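If you want the building blocks of each chain, they are given just below.
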Amino acid sequence: MSDYFTEMGWTPLGDGEAPNHLIQMARFLRDFGMWDLIGQDTELPPPASKNAVANLPEIKIESGEVKQCPVCLKEFETDSKAKSMPCNHVFHQECIVPWLEKTNSCPLCRYELPTDDEDYEMYRKEKKRAIEREKDLESLHNSMFT
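As the structure is a computational prediction, the values presented were derived from the model and not from experiment.

## Details of the UniProt feature "domain: RING-type" (unreviewed entry) in the protein chain
UniProt marks residues 69-110 with the feature "domain: RING-type" (unreviewed entry), using the numbering shown here. In residues 69-110, helix accounts for 19% and strand for 14%; the two terminal C-alpha atoms are 16 Å from one another.

Set out below in structure tokens:
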């Protein structure tokens, strides 16, 4: 039977060697969800997937509509083409495509398009599950104590 260190792939500390307390603190913060509270999840999301950007519907601006692009603040010309996000916000193609090449969200409402980054997609699913768990717990609590 192998010992603990062999099973875990670790080596025991040598004589006079001290453990790295910073790594232990980082693991503690991560394991108990404190990483979010100290702002380590504030990096920008990855770009939207190329497939999602390519499949954005293209709409034609009608003559009666008076709209402006929220990015460049120029009004759409009559009979011009524009891109529509799933959240129904409309942008010039030359405005929204460079934006989505940098981040995956709508500039107005932060609606997120899918990305090609598997880690970020897993993070999004976990974040959504955490919100659902909170709602379920609140619903359970309300059903028990009301």
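## Let's talk about helix α5 (residues 93-100)
Note on helix geometry: an α-helix contains 3.6 residues per turn, so any two residues three or four positions apart are oriented the same way. C95, I96 and L100 are the residues of α5 that are buried. The arc enclosing the buried residues of α5, seen along the axis, measures out at 110 degrees, which places them on a common side. Looking at the buried side of α5, the elements it contacts are α4 (50-54), β2 (81-84) and β3 (90-91).

## Remarks on the side chain of S49
On the secondary structure map, S49 appears in the loop between α3 (34-37) and α4. Given the relative accessible area of 6%, S49 is considered buried. At 3.1 Å, the side chain of S49 forms a polar contact with the backbone nitrogen of A52.

## Considerations on the nonpolar core
Membership of the largest hydrophobic core comes to 15 residues, with the highest contact counts inside it found for F76, M85, F91, L100 and L113. Among the secondary structure elements, those contributing two or more residues to this core are β3 and α5. Excluding residues that lie within four positions of it along the chain, L100 makes contacts with P47, A48, V53, L56, M85, S105 and L113.

## Some words on the pairing of β2
For a regular strand, side chains alternate in direction, first toward one face of the sheet and then toward the other. With three bridges joining them, strand β1 (residues 58-60) and β2 adopt antiparallel strand pairing. In the strand pairing of β2, E58 is matched with K83. In terms of strand pairing, β2 meets β3 through two bridges, oriented antiparallel. Note on β3: the bridge partner recorded for K83 is F91. Taken together, β2 and the strand that follows it, β3, pair antiparallel across an intervening segment of five residues, in which N88 is found at a positive phi of about 75 degrees.

## Some thoughts on the pattern of salt bridges
A complete count under the given rule lists five salt bridges for this structure. One salt bridge connects E126 with R129, and the closest N-O pair in it is separated by 3.0 Å. Residue E126 and its partner R129 are located together in helix α6 (residues 118-145), separated by three residues, close to a single helical turn. You can call E126 partly exposed: its relative accessible area is 37%. Owing to a relative accessible area of 42%, R129 belongs among the partly exposed residues under this scheme. One salt bridge connects R133 with E126, and the closest N-O pair in it is separated by 3.4 Å. Here R133 falls in the partly exposed class, since its relative accessible area comes to 44%.

## What to know about unusual backbone geometry
A positive phi angle is found at L73, which is not glycine, with a value near 65 degrees. The topology assignment puts L73 in the loop between β1 and β2. Overall, L73 belongs to the exposed group, its relative accessible area being 55%.

## Some points on the state of the cysteines
In the structure shown here, the tally under the stated rule is zero disulfides. The closest cysteine sulfur to the non-disulfide-bonded C69 is located on C95, 3.8 Å from its own sulfur. Of all cysteine sulfurs in the structure, the one in C87 sits closest to C106, which takes part in no disulfide; the separation is 3.7 Å.

Rules used in this analysis
- Residues numbered from 1 in each chain as written.
- Predicted model: local features only at pLDDT ≥ 70, side-chain atom pairs only at ≥ 80, totals over all residues.
- Heavy atoms only, no water.
- UniProt positions renumbered as here; feature names shortened; annotations may be inferred.
- Helix = DSSP H or I, 4+ residues; strand = E, 2+ residues; numbered from the N terminus.
- Buried < 20%, exposed > 50% of the residue type's maximum accessible area, 1.4 Å probe, protein only.
- Arc of directions from axis to C-beta.
- Contact = heavy atoms within 4.5 Å.
- Polar contact = N/O pair within 3.5 Å; in protein donor to acceptor, adjacent residues only side chain to side chain.
- Core = buried A, V, L, I, M, F, W, Y, C linked by side-chain atoms within 4.5 Å.
- Pairing = 2+ DSSP bridges.
- Salt bridge = Lys/Arg side-chain N within 4 Å of Asp/Glu carboxyl O.
- Disulfide = S-S within 2.5 Å.

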